[in-house]
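Spelled out, the chains give:
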Amino acid sequence: METKRFIGNDTTRLFARIRRELGPDAVILSTRSLHRDGAPPLVEIIAAPAAEPAESLPLHLQQAVLEEALRRVETAPGITVADLEELAAAEEPAPAPVLEPRSRPAAPGPLPGPEDAILEAFASLGWDPAAARAVLEAAPGARTPAAALERWLEASPASYPPDGQTAIVTIQGAEGSGRTTALLKMALDCADAGRPAILVAADTVRAGAQDAIRACADALGLPFAEAFTPGELVRAAARAPRGACLFVDTPAGAWAPPPIPGAAHFAYLAIPAHWQAAAARAAFQDVPLGRFAGAVLTGADLAPTLASGLELLAETGLGLAFLSAGRDIAAGITVADPPAIAAALFPAPAPRLAATA
């Protein structure tokens, strides 16, 4: 049996990777903890594709058993993650109690279909019915809200600057929407990946914006340029190495660069996930959305959930490109992971387990 090794500290992400790479019927063969000096331990999972006929629990039940076992390990002295197989094997479902009805039950009515249940799940998050319907239309055949959300995110992809092509990159949005912080994170990640990245100051409205971008460029070790006129931006792009990304800090609102031979513009819309929906919606109400390559959910660490930001994303029709959390630029920006986002918004219910010693 061919096996594969998965390592991480987030079991939800680990099982999402196993599901993508080995299928929903994958078999978990072993688990153990990997201790690190000065850092939290990692979890190692050895998994394999399902054999025929499948004899194991479905993958989502295996995940639930593992997470319940990990929770117990945190409070049970003398037990390590290496003992999880024995602990999971000892679990037996509790027998369902038999209750005598006090009165004759009413005749059952028609059961809601999966679409109705999905719409109700999104309504419970406060979503507008039109936004929930847009998700459903992009995810035909989905039977759970998590599956619908994941398929919708995957069906509405963002576009990114291709390797080898010079690109003008901007993040546009309202004042205070976190667009500049997200832009700096993206520039640093681009440079770390080995691609030339240049910070360009072009905000002629915000006081101190030029000095702030210059200081960040010095601190991050990135080239810096000023482009307060169209001609200056054209010259900066002409001087840049082939395939470089010029990350341009622009004024609030819509912004478009002049035509630059050999350079493409990739603009991303900043959607503050922590703002009130009405304020965030008003920020892009008059912005031509067709010009954007995708959206960035900013302030992801300040929002209780991403539900409101994702609802606004559904209203724009854009694909989700990145998540920006925190003001620590060195932490970088996060590429959207549809399975992880869907699992966080609609976590799978854990099966009931009998109590064990």
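Here goes a summary of the coordinates provided.

Secondary structure summary: the protein chain contains 12 helices and 11 strands in total. Buried residues in the protein chain amount to 44% of all 357 residues. Pairs at least 24 apart in sequence give 73% of the contacts found in the protein chain among residues at least 6 apart. Total accessible area on the protein chain is roughly 18,900 Å²; 55% of this is exposed by carbon and sulfur atoms.

Right, let's get into the packing of helix α4 (residues 114-124) against helix α5 (residues 129-138). Viewed as axis vectors pointing N to C, α4 and α5 meet at an angle of 135 degrees, and their least axial separation amounts to 9 Å. The orientation of α4 relative to α5 falls into the category oblique. Crossing geometry of α4 relative to α5 is assigned as right-handed. Counting all contacts with α4, which are made through E115, I118, L119 and F122, the residues of α5 involved are A132, R133, V135 and L136. Of the residues belonging to the contact of α4 with α5, the class tally is 6 nonpolar, no polar and 2 charged.

Under the counting rule described, the total for this entry stands at 1 cavity of 30 Å³ or more. Size it by volume and the largest cavity reaches roughly 30 Å³. In terms of lining, the largest cavity is formed by Q172, G173, G253, A254, L269, A283, V287 and F292. Looking at the lining of the largest cavity residue by residue, the class counts come to 5 nonpolar, 3 polar and no charged.

This part is about the packing of aromatic side chains. The tally for this structure, following the rule as stated, stands at 5 aromatic pairs. Here Y160 and F322 contribute two aromatic rings whose centre-to-centre distance is 5.4 Å and whose plane-to-plane angle is 80 degrees, an arrangement assigned as edge-to-face. Of the two residues, Y160 sits in the loop between α6 (145-155) and β4 (166-172) while F322 sits in strand β10 (residues 320-323), which places them 162 residues apart along the sequence. According to the relative accessible area criterion, F322 is buried, its value standing at 7%. Clustering of aromatic rings is evident, with ring pairs tying together F122, W127, W152 and F346.

Its 14 residues give helix α7 (residues 179-192) an end-to-end C-alpha distance of 20 Å, which sits within 8% of 20 Å, the value for a rise of 1.5 Å per residue. Of all the residues in α7, the buried ones are R179, T180, T181, A182, L183, L184, K185, M186, A187, L188 and C190. After α7 finishes, the residue G194 shows a positive phi value of roughly 95 degrees.

Here L302 shows up in the loop between β9 (294-298) and α11 (307-316). Among the residues examined, L302 registers a relative accessible area of 57% and is labelled exposed. Sequence separation between L302 and A273 is 29 residues; the distance between their C-alpha atoms is 7.7 Å.

Here we take up the side chain of T170. Along the chain, the position of T170 falls in strand β4. A distance of 3.0 Å separates polar atoms of two side chains, one belonging to T170 and the other to Q172. Ignoring any residue separated from it by four or fewer positions in sequence, one finds T170 in contact with L183, V248, T250, W255, H265, F266, A267 and Y268.

Quick look at the layout of surface pockets now. Of the volumes computed, that of the second largest pocket is approximately 460 Å³. Forming the boundary of the second largest pocket are 21 residues, of which G178, R179, T180, T181 and R327 lie nearest the centre. Listed by contribution, the elements that provide at least two residues to the lining of the second largest pocket are α7 and α8 (209-220). The leading source of residues in the lining of the second largest pocket is α7, at 4 residues. Residue composition of the lining of the second largest pocket, grouped by class: 6 nonpolar, 10 polar and 5 charged.

A word on the sheet that holds strand β6 (residues 224-226). Overall, mixed pairing links the 8 strands, which are arranged β6-β5-β7-β4-β8-β9-β10-β11 in an open sheet. This sheet does not close on itself; its edge strands, each paired only once, are β6 and β11 (334-335). Sheet analysis places β10 next to β11, joined by 2 bridges and oriented antiparallel. Considered in β11, the bridge of L323 is made with T334. Along the sheet face, α11 touches β8 (263-272), β9 and β10 and points at about 135 degrees away from the line of β8.

Counted according to the given criterion, the structure contains 11 salt bridges. Close ionic contact of R214 with E226 constitutes a salt bridge, the shortest N to O distance being 2.8 Å. With a gap of 12 residues between them, R214 in helix α8 and E226 in strand β6 connect regions that are remote in the sequence. Given a relative accessible area of 34%, R214 falls into the partly exposed group. In this structure E226 comes out as partly exposed when scored by relative accessible area, which is 30%. Ionic pairing is found between E315 and R281, a salt bridge with its closest N-O pair at 2.8 Å. Taken as a pair, E315 in helix α11 and R281 in helix α10 (residues 277-283) lie far apart in primary sequence, 34 residues in all. By sharing partners, the salt bridges in this structure join R179, D203, R206 and D249 into a single network.

About the thresholds
Residues numbered from 1 in each chain as written. Predicted model: local features only at pLDDT ≥ 70, side-chain atom pairs only at ≥ 80, totals over all residues. Heavy atoms only, no water. Helix = DSSP H or I, 4+ residues; strand = E, 2+ residues; numbered from the N terminus. Buried < 20%, exposed > 50% of the residue type's maximum accessible area, 1.4 Å probe, protein only. Contact = heavy atoms within 4.5 Å. Areas by Shrake-Rupley, 256 points an atom, 1.4 Å probe, with all protein chains shown as cover. Axes fitted to C-alpha atoms, helices over the stretch in contact; angles between N-to-C directions. Parallel < 35°, antiparallel > 145°, perpendicular 65-115°, else oblique. Left-handed = near helix turned anticlockwise from the far one by under 90°. Nonpolar A, V, L, I, M, F, W, Y, C, P; charged D, E, K, R; others polar. 1 Å grid on protein atoms, 1.4 Å probe; cavity = no way out; pocket = protein on both sides within 12 Å on 5 of 7 lines; lining within 4 Å. Points joined across faces, edges and corners; volume = space filled by probe spheres on them. Phe/Tyr/Trp six-rings, centres within 6.5 Å; stacked < 30°, edge-to-face > 60°. Expected span 1.5 Å × (residues − 1). Polar contact = N/O pair within 3.5 Å; in protein donor to acceptor, adjacent residues only side chain to side chain. Pairing = 2+ DSSP bridges. Salt bridge = Lys/Arg side-chain N within 4 Å of Asp/Glu carboxyl O.

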